[in-house]
Amino acid sequence: MDAIAVISIFTLAVFVGFEVVSKVSSTLHTPLMSGANAIHGVILVGAIIVADHSKNNLELGLSLAAIVLATINMVGGFVVTDRMLEMFKPKKGDQK
Amino acid sequence: MNSTLYSLVGLAAGVAFILALKGLSHPKTARRGNLIGAFGATVATLSVFLYVTPSGDGSESHSLPIHNLGWILGAIAVGLIIGVPAARKVEMTQMPQLVALFNGVGGGAAALVAIVEYLNLGDSATTAEVIFTVFTVVVGCVSFSGSIITFMKLQELMTTRPVVFPGGRFVIAATLAAVLGVSVWVVTALGTTPLLVLAVISLLFGVLFVLPVGGADVPIVISLLNAFTGLTVAASGYVLSSTLLIIAGTLVGASGTILTRLMAEAMGRSLFGTLFGAFTAKPQAATGTTEERPVRSGSPDDVAILLNYARRVVIVPGFGLAVAQAQHTVRELADLMLSKGIDVAYGIHPVAGRMPGHMNVLLAEANVPYDQLAEMDEVNPTFGQTDVAIVIGANDVVNPAAQTSPGCPIYGMPILEVNHAANIIFLKRSMRPGFAGIENELLYDPKTMLLFGDAKASLTKVVSALKAL
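Residues numbered from 1 in each chain as written. Chains lettered and ligands numbered in written order. Predicted model: local features only at pLDDT ≥ 70, side-chain atom pairs only at ≥ 80, totals over all residues.

A. Geometry of the overall build of chain B. Scanning chain B from terminus to terminus reveals 18 helices and six strands. The principal-axis extents of the C-alpha atoms in chain B amount to approximately 85 × 50 × 35 Å. Classification of the 469 residues of chain B by burial places 52% in the buried group. (Helix = DSSP H or I, 4+ residues; strand = E, 2+ residues; numbered from the N terminus. Buried ≥ 20, exposed ≤ 12 C-beta atoms within 10 Å, placed from the backbone.)

As structure tokens, this is what we get:
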């Protein structure tokens with residue numbers, strides 16, 4: 001990949017990452033961490049790509065293990081975050 | 001799908017992740033934010049089935065479907081079968097360790113991806129690619145083994161105290177030096193063996209890195225490892241030429257770093273102190289001396305009488321409340337007091353429970369009205385006018401040592417100042433110190449009354465005693 005393009009993307013993403021979470025109440029720290037945790041589960045994409053590239057059984061075996069782990073991270077992460085946030089919901093209903 | 005469309009889908013997923021993090025930062029939009037993130041991740045995953053990423057060595061680009069499709073779908077199914085029920089069924093009290101575990105497997109996945117791509121590239125890998133591979137393997141492995149240790153600490157499969165052994169810091173320094181040395185070896189010599197050696201010592205380093213961290217600081221470490229995993233994903237994105245992985249990984253790395261800092265601030269800890277505090281802390285008297293000292297313990301009836309004549313009561317819930325599953329009983333008690341015209345509020349410490357915001361989730365589960373939950377800054381000035389503070393299964397978050405004794409592990413952590421209340425009731429299972437392992441002077445205060453026993457059983461007795469009055 002073009003080095004300048006990579007550095008640009010990386011730098012901008014760092015700033016966006018800093019910006020979006022700079023003001024967040026402590027109540028939401030746990031769900032936010034859990035949600036961010038689920039997002040990096042997108043390494044699943046990388047795991048599928050290397051499974052496609054695999055040339056032998058060792059490579060395939062390792063990439064399938066990566067797929068299992070990444071799926072757990074991604075899907076489990078989003079589900080558990082949703083469960084946490086679900087609990088904040090009925091209260092708001094009561095207030096309004 | 002052609003490469004332009006594939007890249008655009010990746011960009012859309014990247015935007016979805018930004019919106020997700022943005023949404024998650026505000027209570028009203030949090031749930032929607034999470035769903036947007038899930039949507040972005042799903043779309044990104046589907047898109048790799050429709051586009052064949054050219055192999056890194058440029059050797060071949062085959063037509064659809066992608067190779068090993070059956071195996072890939074099977075592995076995803078296995079992941080779903082393990083991940084979804086775990087996330088669905090976990091008790092909310094045990095959620096922090098599940099998050100730690102999910103983070104760890106993510107780091108492990110990133111390390112495996114980097115190893116496979118390295119094997120696949122063989123001699124055709126550029127130096128930059130090898131460096132990024134080394135980074136991913138090291139940090140991914142540290143995140144994996146470190147998260148397993150945090151899981152074990154939170155699950156109390158091992159001691160929650162800092163684990164320090166003689167010469168520990170030298171062992172850690174030596175391991176770190178070995179990691180760096182082998183990294184250089186991989187970059188210069190290239191080859192499978194050095195990379196596997198690197199993976200093994202990185203796993204070891206992850207264990208050593210987290211062992212000295214005390215129980216109360218574990219959430220900060222989870223958050224830090226979460227940011228680490230994000231960066232590994234970004235690095236593997238470089239090796240795989242995936243803009244999406246670079247964006248997603250960097251976002252998590254950056255936001256995770258900020259979040260780690262915010263959490264450390266909420267606990268009044270410096271990040272450095274969290275990670276290395278166990279090595280620099282002076283041995284202190286408080287933890288060692290467990291001399292017998294008189295405490296005043298009361299019966300549920302005594303507690304009920306005290307509450308009956310109070311005008312203002314503040315409930316301070318801690319992790320012990322959650323463990324005893326007493327959220328519903330405490331709400332019953334609060335409702336009863338309200339019906340008697342007593343002013344009731346819950347004082348929520350930012351790190352009550354095992355993670356920032358954990359207690360809010362647990363009380364929300366018991367349908368405690370949101371307006372009764374007061375944050376620390378709101379409730380602290382009111383303790384002077386509070387007749388009774390009921391501390392249920394909490395300890396460290398009300399320990400005045402955090403304000404009065406420099407050198408104690410939680411010194412500097414903001415606390416709920418229940419010591420200003422006219423009366424303090426502690427519901428405790430035993431005299432055992434809290435998660436941080438520090439003695440609490442407040443327990444011996446003359447205005448403190450202790451009610452020993454399971455929080456739920458005790459509260460039930462208090463409720464019936466109060467009803468009878």
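B. Spotlight on helix α9 (residues 243–266) of chain B. The end-to-end C-alpha separation of α9(B) is 34 Å, in line with the 34 Å expected for 24 residues at 1.5 Å each. Burial analysis of α9(B) places 21 of its 24 residues in the buried class, the great majority of the element. (Expected span 1.5 Å × (residues − 1).)

C. Looking closely at the interface of chain A and chain B. In this assembly, 78 residues from chain A lie in contact with 98 residues from chain B. Contributing elements (two or more residues each) for the side of chain A that touches chain B: α1 (3–20), α2 (29–39), α3 (43–53), α4 (57–86) and α5 (89–95) of chain A. If you tally residues by element for the side of chain A that touches chain B, the top one is α4(A), at 27 residues. (Contact = placed C-beta atoms within 7 Å.)

D. Layout of the packing of α4(A) against helix α3 (residues 69–89) of chain B. Between α4(A) and α3(B), the least distance of the axes is 7 Å, while the angle of their chain directions is 35 degrees. Considering how the two elements wind past one another, α4(A) and α3(B) form a crossing that is right-handed. In terms of residue class, the contact of α4(A) with α3(B) is made up of 18 nonpolar, four polar and two charged. (Axes fitted to C-alpha atoms, helices over the stretch in contact; angles between N-to-C directions. Left-handed = near helix turned anticlockwise from the far one by under 90°. Nonpolar A, V, L, I, M, F, W, Y, C, P; charged D, E, K, R; others polar.)

E. The environment of B:Phe205, seen in detail. Residues and elements named next belong to chain B. Its location among the elements puts Phe205 in helix α7 (residues 192–210). Phe205 sits 86 residues away from Leu119 along the chain, and the two C-alpha atoms are 23 Å apart. Beyond its immediate chain neighbours, meaning those up to four positions away, Phe205 contacts Val142, Thr175, Leu176 and Val179.

F. Here's a closer look at unusual backbone geometry. Residue and element names in this part refer to chain B. Even without glycine at this site, Glu156 takes up a positive phi of about 60 degrees. Inspection of the secondary structure assignment puts Glu156 in the loop between α5 (127–154) and α6 (168–189). For Glu156, a count of 11 C-beta atoms within 10 Å gives the class exposed. Phi angles above zero are rare outside glycine, and Ser241 is one such case at about 55 degrees. Positionally, Ser241 belongs in the loop between α8 (218–239) and α9.

G. Looking closely at the nonpolar core. One finds A:Ile67 and B:Val391 to be the most contacted residues of the largest nonpolar core, which totals 185 residues. Among the elements that take part in this core, helix α4 (residues 95–121) of chain B stands out by supplying 17 residues, more than any other. Those residues in contact with B:Val391 that lie beyond four places of it in its chain are B:Val316, B:Val398, B:Val418, B:Ile424, B:Ile425, B:Phe426 and B:Leu427. (Core = buried A, V, L, I, M, F, W, Y, C linked by C-beta atoms within 7 Å.)

H. Focus on the pairing of strand β5 (residues 423–428) of chain B. Residue and element names in this part refer to chain B. Across the six residues of β5, five count as buried, placing the element largely inside the fold. In this structure, strand β4 (residues 388–392) lies alongside β5, joined through five bridges in parallel fashion. Note on β5: the bridge partner recorded for Ala389 is Ile424. Relative to strand β6 (residues 448–452), β5 runs parallel, the two sharing five bridges. Bridging from a neighbouring strand, Ile425 pairs with Met449 of β6. (Pairing = 2+ DSSP bridges.)

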